Amino acid sequence: MYLRFMLRSLPQQRIPIRTISQVAGNPINRIEPARSVRGTHDRFGIENEKFTHIQKIGTSIAKLYCFEQISTPILEFSQVFERTLGSESDIVGKELYSFIDHDDKLTLRPEGTAGIVRALISNNMDRDLPKRFYYHGPMFRRERPQKGRLRQFEQFGIEMFGYENPTSDIEIIEMAWAFLNKIDTDTSFELEINSLADVESRAHYREVVKDYLSQNASRLSSDSVKRISTNPLRVLDSKNPEDIPIIQNCPSITEFYNTISAERFNAVCQGLQKLEIPYKINPRLVRGLDYYEDTVFEFKCTDSRLGASQGTVLAGGRYDNLVQLMGGKEKVPGIGWAAGLNRLAAILRDDIVVRERPIAVVIIQDRDKVILSAGNYSTSNNMMFYCYGLKISKVLRSHNIKTIFFHIPNANHSSLKTILANVVKTNASHAILVGEKEIMNDKVILKDLDLRIQNEYKLEDITN
Ligand code: ATP
Ligand code: MG
């Protein structure tokens, strides 16, 4: 009692997870239940199946468009991201998970492109162009967790190196459109595109934006005010409500395109029209990373399930200077996109995932509906029956029949009715019941769990 009082009066603090021996030595201590890290999410059941479903569609589309898979490490040297994403970007400024490992500064990748460009250079693939890659895996950003915004989330993406022609922009946007349309959701997607133009046009625009923002600095968020002198274009990507009205009235980049940039963007738009892909030009779309230039685009879904600022499900753009920025010898044009799998899974229809129904193998004592427990392992014959059931399961599985074997606890005296109720919960279509009599006659009982009828069969007749 006194101890309980003492514990209650202690200030709230994190109780470390104790080892088993510590607990065994002090049975009064209760272990605090293990928790997950903020912004991370356990995926299981139908949600996991939805992920797999979307990944499969992504993979089949990628193969159809002749992309090959690339897998790069989650851990990279921090400079892979710090050098490329832009020191003023939210990701580098405040969202990287970085740590010192002996003398190295390492980072958990916040996105896929920079690591793939690093791999292109490290493996001399920049001398063997063109290259078309697809990838999927987890990314890490220390964002404020919300619906559709996690600290560990998954992306499916593609990168294409060695093509500078606007036809490559059109092809990958068309590919993204095909991918999204193949995923059955109840919602529709809107494509927004813009051109950030070439370095020359952008430098001009940058000065204009800087002047405009300076004139409106008193109405901007403090983060955006800091960026006016360092990276004014980043302000246009701000999601801060204070900044939105100012951003909306900012001069548009469209007016500052030089002839090359204007013609290039025009060619991309014309191509999309030819391919009948609906789009909207959003002249204020700048994307969150500094390496983009010329074409940038985002697919947004209008579904309220994703929340107001988490509607973008797929985004990308061109990055023709990134390879050199990371130490590549030659200029290698690049373009790509990444889709957020967590957001796509959240809007995927439940009935899309078809679960193949298993066959359940249940050992019974006899037809009097008594379930046989495994009994005492060393003396009991029952183990023999169980192994016979496992053997049947093995045979069924070798015929590619999804099978769930029912392990009954040692001292179980449940009725067959109770067990069958549990079998039904597994979504099994049939149960195979095996008792002593069946084993003797080399037969099994096959019970149709939907129609509730049962018949005796030879095992090979079932597998056939
Ligand atoms: P947002 O504007 O929503 O923050 P972003 O521009 O930062 O997205 P990208 O870096 O382009 O996103 O990543 C591509 C896609 O990955 C996004 O469109 C989104 O679907 C998904 N994504 C990005 N960040 C997260 C996150 N924190 N949690 C879940 N999905 C994310
Ligand atoms: Mg973001």
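Residues numbered from 1 in each chain as written. Chains lettered and ligands numbered in written order. Predicted model: local features only at pLDDT ≥ 70, side-chain atom pairs only at ≥ 80, totals over all residues. Heavy atoms only, no water.

This is how the line gets drawn: UniProt positions are given in the numbering used here, feature names are shortened, and annotations may be inferred rather than shown by experiment.
By the naming in an unreviewed UniProt entry, the chain is histidine--tRNA ligase, taken from Cetraspora pellucida. Turning to the chain, the UniProt annotation filed under Catalytic activity (unreviewed entry) states: "tRNA(His) + L-histidine + ATP = L-histidyl-tRNA(His) + AMP + diphosphate + H(+)". Note on the chain: under the UniProt heading Sequence similarities (unreviewed entry), the record states "Belongs to the class-II aminoacyl-tRNA synthetase family."

## With respect to the packing of helix α3 (residues 45-64) against helix α7 (residues 166-182)
We apply this condition: Fitting a line to C-alpha atoms yields each axis, with helices limited to the stretch in contact; the angle taken between N-to-C directions then spans 0 to 180 degrees. Only DSSP runs of H or I with at least four residues qualify as helices, and only runs of E with at least two residues qualify as strands; both kinds are numbered from the N terminus onward. Crossings are assigned a handedness: left-handed for a near helix turned anticlockwise from the far helix by less than a right angle, right-handed for a clockwise turn. Only heavy atoms matter for contacts: two residues are in contact if any of them lie within 4.5 Å across the pair. Each residue is assigned to one of three groups, with Ala, Val, Leu, Ile, Met, Phe, Trp, Tyr, Cys and Pro labelled nonpolar, Asp, Glu, Lys and Arg labelled charged, and all others, Gly among them, labelled polar.
Where α3 meets α7, the closest approach of the two axes is 10 Å, and the angle between their N-to-C directions is 145 degrees. α3 and α7 meet at a crossing whose hand is right-handed. Along the contact surface, α3 presents Ile-54, Ile-57, Gly-58, Ser-60, Ile-61 and Ala-62, while α7 presents Met-175, Ala-178, Phe-179 and Lys-182. When its residues are assigned to classes, the contact of α3 with α7 shows seven nonpolar, two polar and one charged.

## Focus on the nonpolar core
For clarity, the cut-off: The criterion is simple. A nonpolar core is a set of buried Ala, Val, Leu, Ile, Met, Phe, Trp, Tyr and Cys residues joined through side-chain atoms within 4.5 Å. Accessible area is worked out with a 1.4 Å probe on protein chains only. A residue is then buried under 20% of its type maximum, exposed over 50%, and partly exposed in between.
Judged by nonpolar contacts, the single largest core of 93 residues is most densely connected at Phe-179, Phe-299, Val-313, Leu-314, Trp-337 and Leu-344. Here this core takes nine residues from α7, the largest share from any one element. Those residues within four positions of Trp-337 in sequence are excluded, and the remaining contacts are Tyr-135, Phe-156, Gly-157, Ile-158, Ile-172, Met-175, Ala-176, Phe-179, Phe-297, Leu-314, Ala-315 and Gly-316. Counting residues in each nonpolar core, the second largest holds 29 residues, with Ile-363, Leu-420, Val-444 and Leu-449 among its members.

## Considerations on the pattern of salt bridges
A side chain of one charge can pair with a side chain of the opposite charge when the charged atoms of the two come close. Going by this rule: Every case where a carboxyl oxygen of Asp or Glu lies within 4 Å of a side-chain nitrogen of Lys or Arg is listed as a salt bridge.
Tallied over the entire structure, the rule returns 21 salt bridges. Glu-298 serves as the salt-bridge partner of Arg-287, at 3.0 Å between the closest nitrogen and oxygen. Placement of the pair is Arg-287 in the loop between β8 (280-281) and β9 (293-301) and Glu-298 in strand β9, with a sequence separation of 11 residues. Across the pair, Glu-298 and Arg-287 agree in class, each one buried. Judged by relative accessible area, Glu-298 falls into the buried class, the value being 9%. Via salt bridges that share partners, Glu-192, Lys-280, Arg-287, Glu-298 and Lys-300 belong to a single interconnected network.

## Quick notes on the environment of Val-395
For Val-395, the position within the fold is in helix α15 (residues 382-398). Linking Val-395 and Glu-460, residues 65 residues apart in sequence, is a C-alpha distance of 9.2 Å.

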